[in-house]
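Take a look at the letters that make up each chain.
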Amino acid sequence: MFKNMIVYRIAPQWQVELTQVEEALANAPFMECGATQEKSLGWVPPRGDEHGAMVESVGGQWILRFMVESKVLPGSVLNRRVKEKAERIEKETGRKPGKKESKELKEEAKLDLLPMAFTKQGSMWVWIDREARTIVFDTSSQGHADEVVSLLVEYLPGLSVSLLYTETSPQVAMSHWLSTQEPPVGFTVDRECELKSADESKAVVRYSRHPLDIEEVQAHIAAGKLPTKLALTWDDRVSLMLTEGLQIKKVSFLDTVFEGTKADDGGFDTDVAIATGELSKLIPDLIEALGGESDGIGASAAQAIPASSGPSGPVLAAAAPVPPRGKDVAGRAITGPATAPADTDPDSAPF
């Protein structure tokens, strides 16, 4: 649970009860793809019970689970079917299908093949911490997180969120930590990082299972290479990979976290309590290590301004001059950085 994290800030005016969230998500349950349906998405009970609640509260922390299923239809298979249809038309009529007809043939071929296509499923944990005003998405893909944010804004009354910004960008901070060999208080630098050149060469240097307190790393930074990933350990309890886009990947709880627990203490409530208990402390420490939450260009939700309003309430856009990025499913702007951080390691599954 929560192997990756992308964190959004909830605007302070959002005040709802657990029952309201449950009722809202119950209107968008996950259902498997129909015969000719390419993709299906929705919410499933976090505990895995067939008719369980869509939201679980453990120690005051709300846990949701988003599910997506998509049909796997290889392009080569689709193209072969289209070719067969086109050849049949040419044989029967003596003419080749035009551009418009070829497009229609492709849609027909897709409908023919979808009922026979394999499906793949993926899920994403979502954690709402009302007290800290954060929503955490268990994904390494910014695009996947944005999609679920859009759906939450649509279904949850009055929800307004923005991506988390810090006074110091992760890339600048990571460069400083590596060049000075002085990690932030409470953190240690581990043995993995990626450095990328900012010039046209786009040269990349990766270190894996390698000490980083060496002159070679400092020389790369001095030459203009910037960190895009850096492995850290927080408080000897949680290891993680910080990215330039403030994504937290490869989250792993160390043995010290489980001291005092029994081998048979596993289960949904225990897993949630451990994960949220540790991560709710890690997140503010990481924000502090990055100079605190920004109230300038990368405005937090508290300083954000309404971009639009609708049945689901206002959707926040970062204060000028940063323009909002992307649109939600209703066509409204959603909050985020002006330029999306690259998904350097997107999931192979839907989520």
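The preceding data block contains the structure.
Our subject in this report is the structure included herewith. (Residues numbered from 1 in each chain as written. Predicted model: local features only at pLDDT ≥ 70, side-chain atom pairs only at ≥ 80, totals over all residues. Heavy atoms only, no water.)

## What to know about the overall build of the protein chain
Part 1: The helix and strand inventory of the protein chain stands at seven helices and 14 strands.
Part 2: Out of the 351 residues in the protein chain, the part that is buried amounts to 46%.
Part 3: The long-range fraction of contacts in the protein chain, counting pairs at least 24 apart against all pairs at least 6 apart in sequence, stands at 66%. (Helix = DSSP H or I, 4+ residues; strand = E, 2+ residues; numbered from the N terminus. Buried < 20%, exposed > 50% of the residue type's maximum accessible area, 1.4 Å probe, protein only. Contact = heavy atoms within 4.5 Å.)

## A look at unusual backbone geometry
Most of the time, phi is negative for any residue but glycine, and the peptide bond is trans.
Part 1: Not every positive phi belongs to a glycine, and Asp235 is a case in point at roughly 55 degrees.
Part 2: Positionally, Asp235 belongs in the loop between β10 (225–234) and β11 (238–243).
Part 3: Although it is not a glycine, Lys250 adopts a positive phi angle of roughly 55 degrees.
Part 4: Among the secondary structure elements, Lys250 is positioned in strand β12 (residues 248–253).

## Section: the side chain of Thr243
Part 1: Structurally, Thr243 is set in strand β11.
Part 2: Not counting the four nearest positions on each side in its chain, Thr243 is found in contact with Pro170, Met174, Thr228, Lys229 and Lys249.

## Brief notes about the environment of Pro115
Part 1: Topologically, Pro115 is positioned in the loop between α3 (99–113) and β5 (118–129).
Part 2: A residue is classified by how much of its surface remains accessible, and Pro115, at 47% relative accessible area, is partly exposed.
Part 3: Separated by 81 residues in sequence, Pro115 and Gly34 have C-alpha atoms that sit 8.0 Å apart.
Part 4: If we skip the residues at most four places from it in the chain, Pro115 touches Ala35 and Thr36.

## Brief notes about the nonpolar core
Part 1: Judged by nonpolar contacts, the single largest core of 42 residues is most densely connected at Phe2, Trp177, Leu230, Leu242 and Leu279.
Part 2: A per-element tally of this core places helix α7 (residues 268–289) first, with nine residues.
Part 3: Non-local contacts of Phe2, meaning those with residues more than four positions away in its chain, are made with Ile63, Trp125, Val126, Trp127, Val136, Asp138, Val251, Ala275 and Leu279.
Part 4: Residues Ala24, Phe66, Leu156 and Leu163 belong to the second largest nonpolar core, which totals 30 residues. (Core = buried A, V, L, I, M, F, W, Y, C linked by side-chain atoms within 4.5 Å.)

## Details of a negative patch on the surface
Part 1: Judged by side-chain charge, Asp235, Asp236, Asp285 and Glu288 come together as a negatively charged surface patch.
Part 2: On the accessibility criterion, Glu288 (61% relative accessible area) is exposed. (Patch = residues over 30% accessible without salt bridge, like charges linked within 9 Å, V, L, I, M, F, W, Y side chains within 5 Å. Areas by Shrake-Rupley, 256 points an atom, 1.4 Å probe, with all protein chains shown as cover. Salt bridge = Lys/Arg side-chain N within 4 Å of Asp/Glu carboxyl O. Lys, Arg positive; Asp, Glu negative; His and termini not counted. Charge placed at Lys NZ, Arg CZ, Asp CG, Glu CD.)

## Looking at the sheet that holds β12
Note: strands within a sheet are paired through backbone hydrogen bonds, in either parallel or antiparallel orientation.
Part 1: Read across the sheet, five strands follow the order β9-β8-β10-β11-β12 without closing on themselves; strand pairing throughout is antiparallel. At either end of the open sheet lies a strand with only one pairing partner, and these are β9 (204–208) and β12. Within this sheet the neighbouring strands show an average axis-to-axis angle of 15 degrees, counted without direction.
Part 2: Sheet analysis places strand β8 (residues 187–197) next to β10, joined by eight bridges and oriented antiparallel. (Pairing = 2+ DSSP bridges. Axes fitted to C-alpha atoms, helices over the stretch in contact; angles between N-to-C directions.)

## Points about the packing of helix α2 (residues 75–93) against α3
Geometry of a packed helix pair, given as the angle between the helix axes and the separation of the axes.
Part 1: With their axes 9 Å apart at the nearest point, α2 and α3 run at an angle of 125 degrees to one another. The orientation of α2 relative to α3 falls into the category oblique. Relative to α3, the crossing made by α2 is right-handed. Each of Val77, Leu78, Arg81, Val82, Lys85, Ala86 and Ile89 in α2 lies in contact with α3, whose residues at this interface are Glu101, Leu105, Lys106, Glu108, Ala109, Lys110, Asp112 and Leu113.
Part 2: Tallied by class, residues from the contact of α2 with α3 come to eight nonpolar, no polar and seven charged. (Parallel < 35°, antiparallel > 145°, perpendicular 65-115°, else oblique. Left-handed = near helix turned anticlockwise from the far one by under 90°. Nonpolar A, V, L, I, M, F, W, Y, C, P; charged D, E, K, R; others polar.)

## Remarks on empty space enclosed by the protein
Part 1: Here the structure, examined in full by the defined rule, presents two cavities of 30 Å³ or more.
Part 2: By volume, the largest cavity is sized at about 60 Å³.
Part 3: For the largest cavity, the full set of lining residues is Val7, Leu164, Thr166, Leu246, Ile248, Ile283, Leu286, Ile287 and Leu290.
Part 4: The element contributing the most residues to the lining of the largest cavity is α7, with three residues.
Part 5: For the lining of the largest cavity, a count of residues per class yields eight nonpolar, one polar and no charged. (1 Å grid on protein atoms, 1.4 Å probe; cavity = no way out; pocket = protein on both sides within 12 Å on 5 of 7 lines; lining within 4 Å. Points joined across faces, edges and corners; volume = space filled by probe spheres on them.)

## Considerations on helix α4 (residues 142–155)
Part 1: The terminal C-alpha atoms of α4 lie 20 Å apart, and with 14 residues this matches the ideal 20 Å at 1.5 Å per residue to within 8%.
Part 2: Burial of α4 is extensive: ten of the 14 residues sit out of reach of the surface.
Part 3: Of all the positions in α4, only Gln142, His144, Ala145, Asp146, Val148, Val149, Ser150, Leu151, Leu152 and Val153 are classed as buried. (Expected span 1.5 Å × (residues − 1).)

## Overview of the pattern of salt bridges
Part 1: Applying the stated rule across the entire model yields 13 salt bridges.
Part 2: A salt bridge links Asp269 to Arg47, with the shortest nitrogen-to-oxygen separation between them at 2.7 Å. Linking Asp269 in helix α7 with Arg47 in the loop between β2 (39–44) and β3 (56–58), this pair joins segments that are 222 residues apart in sequence.
Part 3: Taking relative accessible area as the criterion, Asp269 reaches 36% and is therefore assigned partly exposed.
Part 4: Close ionic contact of Lys85 with Glu108 constitutes a salt bridge, the shortest N to O distance being 3.9 Å. Separated by 23 residues along the polypeptide, Lys85 in helix α2 and Glu108 in helix α3 bring together distant segments of the chain.
Part 5: Under the relative-accessibility criterion, Lys85 is labelled buried at 13%.
Part 6: Residue class for Glu108 comes out partly exposed when judged on its relative accessible area of 39%.

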